[in-house]
Amino acid sequence: MNPYLDIILRSAAVYFFMVIALRIFGKKELSQLNTADVILILLISNSVQNAMVGSNSSLWGGLVAALVLFSINFILKKIMYNSKSFNDFIQDKPEILIHNGKIDFKALAKLEITSDELDEVIREHGIESCKDVKLAMMEIDGNISVISGEKNLIQTHHKRKIHKTLGSLNN
């Protein structure tokens, strides 16, 4: 087999495996990278490198693998944009956490967000109580957006941790 065709097939397989793995682990994990998560990402990238390029450690082999990853990512984004059903399969929908001061405890349990974490996010947005929240949502990228119920509408956006994961399908 052509060594570059081999790299293309291997890179595509690794890419689709990673998309499925990220989909299974959920959106909350995407926005909450701690030290262990960063180490995991580094180890995964190191372990899948050989799975993508095999014994080919040439510059061209690495460039072909990178080109395949960028191309697949570009194509998937186009398909997600044009196909609602495919987009729904790849990405979760936003979840309402608080609506008009009422907390949705089922949504919190589903997303594994504690009441203390929710209270912290509310305070970080400058709001004292959940009763003062018009709407709080877990967005598709794992961040929590909060809109206050005050007459002077205050809208804030809070990242749950340091940053989003690398290679997310969301831009």
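Residues numbered from 1 in each chain as written. Predicted model: local features only at pLDDT ≥ 70, side-chain atom pairs only at ≥ 80, totals over all residues. Heavy atoms only, no water.

Undergrad: Describe the overall build of the chain, listing the residues and the values that go with them.
TA: Helix and strand content of the chain: 7 helices and 5 strands. The order of helices and strands in the chain, counted from the N terminus, is α-α-α-α-α-β-β-α-α-β-β-β. The proportion of buried residues among the 171 residues of the chain is 35%. The long-range share in the chain, meaning contacts at least 24 apart out of those at least 6 apart in sequence, stands at 62%. (Helix = DSSP H or I, 4+ residues; strand = E, 2+ residues; numbered from the N terminus. Buried < 20%, exposed > 50% of the residue type's maximum accessible area, 1.4 Å probe, protein only. Contact = heavy atoms within 4.5 Å.)

Undergrad: Residue-level account of the nonpolar core, with values.
TA: Counting residues in each nonpolar core, the largest one holds 16 residues, and the members touching the most others are Leu97, Ile98, Ile113, Ile122 and Val146. If you list the elements that add at least two residues to this core, you get β1 (95–99), α6 (105–111), α7 (115–124), β3 (133–138) and β4 (144–148). Of all hydrophobic cores here, the second largest spans 15 residues; its members include Val19, Ile72, Leu76 and Met80. (Core = buried A, V, L, I, M, F, W, Y, C linked by side-chain atoms within 4.5 Å.)

Undergrad: I'd like a description of helix α4 (residues 59–82), backed by residues and values.
TA: Side chains of residues three or four places apart in an α-helix project in the same direction, reflecting 3.6 residues per turn. When the terminal C-alpha atoms of α4 are compared, their 35 Å separation across 24 residues agrees well with the 34 Å that a helix rising 1.5 Å per residue should span. Where α4 is concerned, the buried positions are Gly61, Val64, Ala65, Val68, Ile72, Asn73, Leu76 and Met80. (Expected span 1.5 Å × (residues − 1).)

Undergrad: Can you explain the packing of aromatic side chains? Please cite residues and give values.
TA: Inspection of every chain in the model, using the stated rule, returns 1 aromatic pair. Between tyrosine 15 and phenylalanine 16, the ring centres sit 5.8 Å apart and the planes meet at 90°, which makes this aromatic pair edge-to-face. (Phe/Tyr/Trp six-rings, centres within 6.5 Å; stacked < 30°, edge-to-face > 60°.)

Undergrad: Any details on the environment of isoleucine 122? Residues and values, ideally.
TA: By the secondary structure assignment, isoleucine 122 is in helix α7. A residue is classified by how much of its surface remains accessible, and isoleucine 122, at 1% relative accessible area, is buried. Sequence separation between isoleucine 122 and serine 148 is 26 residues; the distance between their C-alpha atoms is 9.3 Å. Excluding residues within four positions of it along the chain, isoleucine 122 makes contact with Ile98, Ile127, Ser129, Cys130, Val133 and Val146.

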